[in-house]
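What follows is each chain in one-letter form.
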Amino acid sequence: MPRYKKEGETMKVVPLNESAFEKGIDLFNQGKYFNAHEAWRGLWFRARNAQEKLFLQGLIAAAGALLHTQKRECAGAAKLLAKSIPLLRNGVETHPDLQLNDFIEALERLGGREDWGLAAGEVQYFPKIGRSDHSCEPHAAGVAGVKRVGGIHSKYKTHCIL
């Protein structure tokens, strides 16, 4: 829950922890949905770009949906899953390093299952957030002098250097 400043109180400004985004993805892919939610929540709270804020909200809602599924809370899971999908579409263009279309399709398939409640025991089959092989334009285009230095997009920490 966001902490609001009381009158006369100064709030500490915490710099954006760019590794929190990657940590959230790793936690999500391990089935640690609550922890992923927590990693992304701080980023969402501090996001200035409206489209990025909506995308982060989609990730948080997807994590919440799968957490509810694990707990066999089907109504809550269904609501959050339905909410997450359109929000996640906000990141398709801005996060080419992630296979978001595949992730969204997997969430839609999960939401369309008739045996929704039985999915709770199948965490290993839950949708994962995949990564694209060529996430930045210079790297994908094979520009000379571009070296891969990690697995994340330059929006968070450069994965390619010129």
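In this text, all values refer to a predicted model and were calculated from it rather than measured experimentally. (Residues numbered from 1 in each chain as written. Predicted model: local features only at pLDDT ≥ 70, side-chain atom pairs only at ≥ 80, totals over all residues. Heavy atoms only, no water.)

A. Layout of the nonpolar core. Ranked by internal contacts, the top residues of the largest apolar core, which has 30 residues, are Phe21, Phe28, Trp40, Leu59, Leu88, Phe103 and Ile129. Elements represented by at least two residues in this core include exactly α1 (19–29), α2 (33–46), α3 (50–70), α4 (74–88) and α5 (100–111). Among the elements that make up this core, the one with the highest residue count is α3 (nine residues). (Core = buried A, V, L, I, M, F, W, Y, C linked by side-chain atoms within 4.5 Å. Buried < 20%, exposed > 50% of the residue type's maximum accessible area, 1.4 Å probe, protein only. Helix = DSSP H or I, 4+ residues; strand = E, 2+ residues; numbered from the N terminus.)

B. Quick peek at the packing of α4 against α5. Taken N-terminus to C-terminus, the directions of α4 and α5 make an angle of 160°; their axes are 10 Å apart at the nearest point. With respect to each other, α4 and α5 are oriented roughly antiparallel. Our pair here, α4 against α5, has a crossing hand that is left-handed. Contacts from Leu81, Ser84, Ile85 and Leu88 of α4 reach α5 at Leu100, Phe103, Ile104, Leu107, Glu108, Leu110 and Gly111. Residue composition of the contact of α4 with α5, grouped by class: eight nonpolar, two polar and one charged. (Axes fitted to C-alpha atoms, helices over the stretch in contact; angles between N-to-C directions. Parallel < 35°, antiparallel > 145°, perpendicular 65-115°, else oblique. Left-handed = near helix turned anticlockwise from the far one by under 90°. Contact = heavy atoms within 4.5 Å. Nonpolar A, V, L, I, M, F, W, Y, C, P; charged D, E, K, R; others polar.)

C. Molecular detail of the environment of Ile85. Position of Ile85 among the secondary structure elements: in helix α4. A relative accessible area of 11% means that Ile85 is categorised as buried. When the C-alpha positions of Ile85 and Leu107 are compared, they lie 7.4 Å apart, and in sequence the two are 22 residues distant. For Ile85, the contacting residues outside a window of four places in its chain are Ile104, Leu107 and Glu108.

D. Main features of the pattern of salt bridges. Applying the stated criterion across every chain, the model contains four salt bridges. Across the salt bridge formed by Glu22 and Arg131, the nearest N and O atoms sit 2.7 Å from each other. With Glu22 in helix α1 and Arg131 in the loop between α5 and α6 (137–141), this pair connects stretches of sequence that are 109 residues apart. Judged by its relative accessible area of 29%, Arg131 falls in the partly exposed class. Sharing partners across several salt bridges, the network here consists of Glu22, Asp26 and Arg131. (Salt bridge = Lys/Arg side-chain N within 4 Å of Asp/Glu carboxyl O.)

E. Examining unusual backbone geometry more closely. Its identity as a non-glycine residue notwithstanding, Arg72 has a phi of 60°, on the positive side. With respect to the helices and strands, Arg72 occurs in the loop between α3 and α4. On the basis of relative accessibility, which here comes to 51%, the residue Arg72 falls in the exposed class.

F. Quick peek at the packing of aromatic side chains. Overall, the coordinates contain five aromatic pairs when judged by the stated rule. Pairing Phe28 with Tyr33 gives two aromatic rings, centres 5.0 Å apart and planes at 75°, and the pair type is edge-to-face. Residue Phe28 shares its accessibility class with Tyr33, and that shared class is buried. Between the aromatic rings of Phe28 and Trp40, the centroid separation amounts to 6.0 Å while the plane-to-plane angle is 35°, which identifies the pairing as tilted. Here Trp40 lies in helix α2 and Phe28 lies in helix α1, a separation of 12 residues in the sequence. Of the two residues, Phe28 and Trp40, neither departs from the other in class, the shared state being buried. (Phe/Tyr/Trp six-rings, centres within 6.5 Å; stacked < 30°, edge-to-face > 60°.)

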